[in-house]
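Structural overview
Residue-level listing of the chains:
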Amino acid sequence: MLDVEKDREPVIWAEGLTKRFGKVQALDGLDLSVPAGTCYGLLGPNGAGKTTAVRVFATITRPDGGEVRVAGHDVVRDARQVRRQIGLAGQHAALDEELTGRENLQIIGRLFHLGRRTARRQADHLLEKYSLDHAADRLVKTYSGGMRRRLDLIASLIISPTVLFLDEPTAGLDPRSRLQIWETVRALVADGTTVMLTTQYLDEADQLAAQIAVVDAGTVVARGTPDELKAIIGSRVDVALAPEASLADSALALRAIAADGAVPDVDEDGRTLSVPVAADSFTLPAVVRQLDSAGIDVLDVGIRRPTLDEVFLTITGNNSKAEHESLVP
Amino acid sequence: MTQPLQRKTTPLTGFGDGLTIMIRNLLKLKHKPGQIIAELIVPVVMVLLFGYVFGSAIAIENGSSYLEYLMPGLLVMGAVLGALSSLTAIARDNGLGVMDRFRSMPMERWSVPFGQTAATLVIGVVGLVTMSVVGLIFGWRAHNGLVPALGAFGLILLLYYAVSWLGAVLGSLVDNEETAARLMMLALPLVMISNVFVPTGGMPSALRALADWNPVSAAVTACRELFGNPGAPSGDLAWPMANPVPATIGASALILLVCVPLAVYRFQKEAS
Ligand SMILES: Nc1ncnc2c1ncn2[C@@H]1O[C@H](COP(=O)(O)OP(=O)(O)OP(=O)(O)O)[C@@H](O)[C@H]1O
Ligand SMILES: [Mg+2]
């Protein structure tokens, strides 16, 4: 009974989280709640506060205000309890360049108090599992960017953490390495690990995250499943007219299926129309029937579902001031 | 669902963490044989350079060689400069992303400066032994027997350890290797305004006061006494010159008392 309730408790939970660096309000009342055993994506433009949020959750940075609990413990009062259960792979690889990969992992294992033997065993096991054993005894400064990232991820897995924070885990990786990391994350989540991931690649969030929070200027501006977010801006219907069809008639016909009050975009030269539609419930035959009954000849009709990129640009388009402000002298 | 691996920890776990940090820092050295060789060559160069260049121009009372006068000074100077070199190493270390990872781990944060200074101390012992052996080869001797000689080495290591904590504080303040290297340059005059190379008796009075109260001078005077080397100051003496052993211990204790809490505080504090 108790266990069941415990499982329901969000593993990462923040309310009213604030953090200020000098003049920059990096976090401005961030709220979020991540259920156990899921992958949660944090999206946002540069300077939105994603890294700062992750650093607060990982007990590195102390919040100015708000309440934050990770794995059932307060990140300020019970930081030590939190640290025993989390793994972190930060935005920049946190490794000792002047040590070998194996030494890095062993030292981290020992600082997690695994004991010398377990630390060594765990290092060997992970190096083999993530196919880095061929380079394990080389100095990290001789590693490629992708190998570093991989080692950094492995280092965050040393204790088999219950909560894993990955800050842009695939930045700068080639497609194959990216897929490898995706597989790793999926396997960890399937195993019951709760993963919080920040990324600039929206397809990555689409692929991995069950829930997404879009962060801008230190607060969450939208949240939901990838599909819910896409529904915010909805689908569009694109129509290419036959030479003899009337643009005006077509526009009128399309208004019937348009989202509330939306007016079709008309491209007179290309003789195409495009209109946002209310919901995903529209099927292609329905659109074709609608046009057909209005007697309009069309060359091509398509329903275009939005990508997460479009959602992202729409949501953060107007107020992503954080980074731009700092560029203005 | 898997449980995180972990072991029970005790208040003493922090010392284990310190030991791990020390091993980590020494492991890094293992991969840099060039630096090890440099650490070993510097003492030889210092003994030859100062012993022979200065030695040819400076005469010492009752016919003993300048090296006899110089060795205690060189040992102390090598120790202080070596200990301060922890400043650059620690500044570089603290600038690394890996410190962020350490901060997210259940280790004791205070173990970081303890481990760093412990690693520095190990290097210091090696340096001290090397320079002593080089001195012995070129004719320097400790004349009062083993126990006083060990006492002198103990004093040098105590001062060395204290100064390495000073380096840890400065290193954690600058967090940047270049600034640290600049700061290091300031150390040289601090060490030179002392009786390492020449007695303080002939200095202008303001400079002499500075040199007499420099803990380096106290340590050098104490070592000359304990080794039975020439150069004991005479006449109207400042307190540290008249009581060099307590002065060295006191100065080291004072440095530790101030710097250990400061360095620990710097690490306990959150990263900004
Ligand atoms: N240590 C710091 N000192 C001063 N300002 C900081 C510090 N850390 C972050 N900031 C500022 O806080 C804001 C949020 O930064 P943060 O790194 O959290 O953004 P981010 O969302 O991770 O961006 P990116 O996508 O570029 O990684 C930025 O304006 C940044 O300049
Ligand atoms: Mg970031």
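A brief look at the structure comes next. (Residues numbered from 1 in each chain as written. Chains lettered and ligands numbered in written order. Predicted model: local features only at pLDDT ≥ 70, side-chain atom pairs only at ≥ 80, totals over all residues. Heavy atoms only, no water.)

**Notes on the site of ligand 1**
This is how it is decided: The cutoff for a nearby residue is simple: one of its non-hydrogen atoms must lie within 4 Å of the molecule or strand. Counting of polar contacts relies on pairs of N or O atoms within 3.5 Å, with two restrictions inside protein: one atom must be capable of donating a hydrogen and the other of accepting it, and residues adjacent in sequence are counted only when both atoms are side-chain atoms. Method for areas: the Shrake-Rupley scheme with a 1.4 Å probe, in which residue coverage is limited to the protein chains shown. Here a helix means four or more residues in a row that DSSP labels H or I, a strand means two or more in a row labelled E, and each is numbered from the N terminus.
With respect to spatial proximity, 15 residues lie near ligand 1, and among them A:Gly47, A:Lys50, A:Thr51, A:Thr52 and A:Gln200 are the closest. Proximal residues around ligand 1 fall on chains A and B, making this an inter-chain site. Contacts to ligand 1 include A:Lys50, whose side-chain N or O atom sits 2.7 Å from an oxygen atom. Residue A:Thr52 places a side-chain N or O atom 2.5 Å away from an oxygen atom belonging to ligand 1. The fraction of the free accessible surface of ligand 1 (630 Å²) that becomes covered by protein chains is 69%. Among the secondary structure elements, those contributing two or more residues to the shell around ligand 1 are β2 (24–34) and α2 (50–57) of chain A.

**Section: the packing of aromatic side chains**
The test is simple: Here a pair means two rings of Phe, Tyr or Trp (six-membered ring of Trp) with centres within 6.5 Å. Their orientation is stacked below 30 degrees between planes, edge-to-face above 60, and tilted elsewhere. Placement of a positive charge over a ring is assigned whenever Lys NZ or Arg CZ falls within 6 Å of the ring centre and within 35 degrees of the normal to the ring plane.
The full count for this structure, using the stated rule, is 9 aromatic pairs over all chains. Aromatic pair B:Trp110 and B:Phe114: ring centres 5.6 Å apart, planes at 80°, arrangement edge-to-face. Seen in terms of ring centroids, B:Phe153 and B:Phe227 are 5.6 Å apart; in terms of plane orientation they differ by 65°. Their pairing is edge-to-face. Here B:Phe153 is found in helix α7 (residues 146–174), whereas its partner B:Phe227 is found in helix α10 (residues 215–227), with 74 residues between them in sequence. Following the ring pairs from residue to residue traces out a cluster consisting of B:Phe15, B:Trp110, B:Phe114, B:Tyr161 and B:Trp165. One residue, A:Arg178, lies across the ring of A:Tyr201, its end atom 4.0 Å from the ring centre. It is B:Arg224 that lies over the ring of B:Tyr69; its NZ or CZ is 3.9 Å from the centre.

**Description of the sheet that holds strand β4 (residues 65–70) of chain A**
All names here are of chain A. The test is simple: Two strands are said to pair when DSSP picks up at least two bridges between them.
In space, the 4 strands of this open sheet follow the order β2-β1-β4-β5, with antiparallel pairing throughout. With one partner strand each, in any of the chains shown, β2 and β5 (73–74) form the two edges of the open sheet. Inspection of the sheet shows strand β1 (residues 12–21) paired to β2 by 8 bridges, in the antiparallel sense. The partner of Phe21 across the bridge, within β2, is Val24.

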